[in-house]
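Architecture and fold: a report
Chain residues, written in single-letter form:
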Amino acid sequence: MSTSPRVAKTKAYLKEALISLLDTESFQDVTVKAICQKASVNRSTFYAYYSCPRDLIEEIEADILSKLPVYEYGSGKPFIDSFIPFMQYIKDNGATFRVLMAASVDESFAQTMVKTVMDKYDEFMNTNDKTEKTMSFLFCINGVVGIVREWIRMDFEYPVEKISKLIVDMAFRSVGLPYK
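Residues numbered from 1 in each chain as written. Predicted model: local features only at pLDDT ≥ 70, side-chain atom pairs only at ≥ 80, totals over all residues. Heavy atoms only, no water.

Going by an unreviewed UniProt entry, the protein chain carries the name TetR/AcrR family transcriptional regulator and comes from Candidatus Ornithospirochaeta stercoravium.

Turning to the overall build of the protein chain, a few remarks are in order. Assigned secondary structure in the protein chain consists of nine helices and zero strands. Overall, the protein chain shows an N-to-C arrangement of helices and strands of α-α-α-α-α-α-α-α-α. With 180 residues in all, the protein chain has 41% of them scored as buried. Excluding contacts between residues fewer than 6 apart, the proportion of contacts in the protein chain whose partners are at least 24 apart in sequence is 64%. For the protein chain, the exposed surface amounts to about 10400 Å²; the carbon and sulfur share of it is 53%. (Helix = DSSP H or I, 4+ residues; strand = E, 2+ residues; numbered from the N terminus. Buried < 20%, exposed > 50% of the residue type's maximum accessible area, 1.4 Å probe, protein only. Contact = heavy atoms within 4.5 Å. Areas by Shrake-Rupley, 256 points an atom, 1.4 Å probe, with all protein chains shown as cover.)

End to end, helix 4 (residues 53-65) covers 18 Å across 13 residues, agreeing with the expected 18 Å (1.5 Å per residue, within 8%). Residues Pro53, Leu56, Ile57, Ile60, Glu61, Ile64 and Leu65 constitute the buried set of helix 4. (Expected span 1.5 Å × (residues − 1).)

Its boundaries defined by the atoms lining it, the second largest pocket holds a volume of some 170 Å³. Breaking the lining of the second largest pocket down by element, the ones donating at least two residues are helix 1 (5-22) and helix 4. Per-element accounting of the lining of the second largest pocket gives the leading share, four residues, to helix 1. Partitioned by chemical class, the residues of the lining of the second largest pocket number five nonpolar, two polar and three charged. (1 Å grid on protein atoms, 1.4 Å probe; cavity = no way out; pocket = protein on both sides within 12 Å on 5 of 7 lines; lining within 4 Å. Points joined across faces, edges and corners; volume = space filled by probe spheres on them. Nonpolar A, V, L, I, M, F, W, Y, C, P; charged D, E, K, R; others polar.)

Let us look at helix 2 (residues 32-39). For an α-helix the count is 3.6 residues per turn, leaving residues at separations of three or four pointing the same way. Within helix 2 the residues assigned to the buried category are Val32, Ala34, Ile35, Cys36 and Ala39. Taken together, the buried residues of helix 2 touch helix 1, helix 3 (43-49) and helix 4. Just beyond helix 2, the residue with positive phi is serine 40, at close to 60°.

You can see serine 164 is positioned in helix 9 (residues 160-174). Relative accessible area serves as the criterion here: at 0%, serine 164 is assigned to the buried category. Ignoring any residue separated from it by four or fewer positions in sequence, one finds serine 164 in contact with Ile80, Phe83, Ile84 and Met87.

Counting 49 residues, the largest nonpolar core has Leu14, Leu18, Ile35, Phe46, Ile64, Met87 and Ile90 as the members making the most contacts within it. Listing elements by their share of this core, those giving two or more residues are helix 1, helix 2, helix 4, helix 5 (80-92), helix 6 (94-100), helix 7 (107-120), helix 8 (130-153) and helix 9. (Core = buried A, V, L, I, M, F, W, Y, C linked by side-chain atoms within 4.5 Å.)

Let us now look at a nonpolar patch on the surface. A contiguous nonpolar patch, built from Tyr158, Leu166 and Met170 and spanning about 250 Å² of accessible area, is present on the exposed surface. For methionine 170, the position within the fold is in helix 9. For methionine 170, a relative accessible area of 39% puts it in the partly exposed group. (Patch = residues over 30% accessible without salt bridge, like charges linked within 9 Å, V, L, I, M, F, W, Y side chains within 5 Å. Salt bridge = Lys/Arg side-chain N within 4 Å of Asp/Glu carboxyl O.)

In structure tokens:
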């Protein structure tokens, strides 16, 4: 079902308001009233789309997860070609990632991201041992998250292409795959 441009714009205002508030307040302290004031919308408008701030943050997180690179293993195309646009997306949405990557906002987002990546890239793994696979993914993903957090902290001064190549190269090596 397609969302009307007006609804999409209203939701974007609400998301921007929440991210702006999270820059200075903890998630637990953010109220629907504060989100609505910041977005210049009525509370009834908020409740037309969400039941609470948690629903709003979950939609923001789902939007991000839907942007994870799509890669067809064995396609012959370099993985980096699908990873660079995602890193550009992170840079273009720096304020959102700065807030979401802070551990104080939502620890479940990191867990959801790990599970999503594991499900999406399971075929990359060289083992069928479930524990080994999980530990390799955790090592790899936590390394990637650490690098991305530092890149954000550095205000994206390292070029997108270089940080992308660094991450992909290190990630592939951490799970025992050669990077081409």
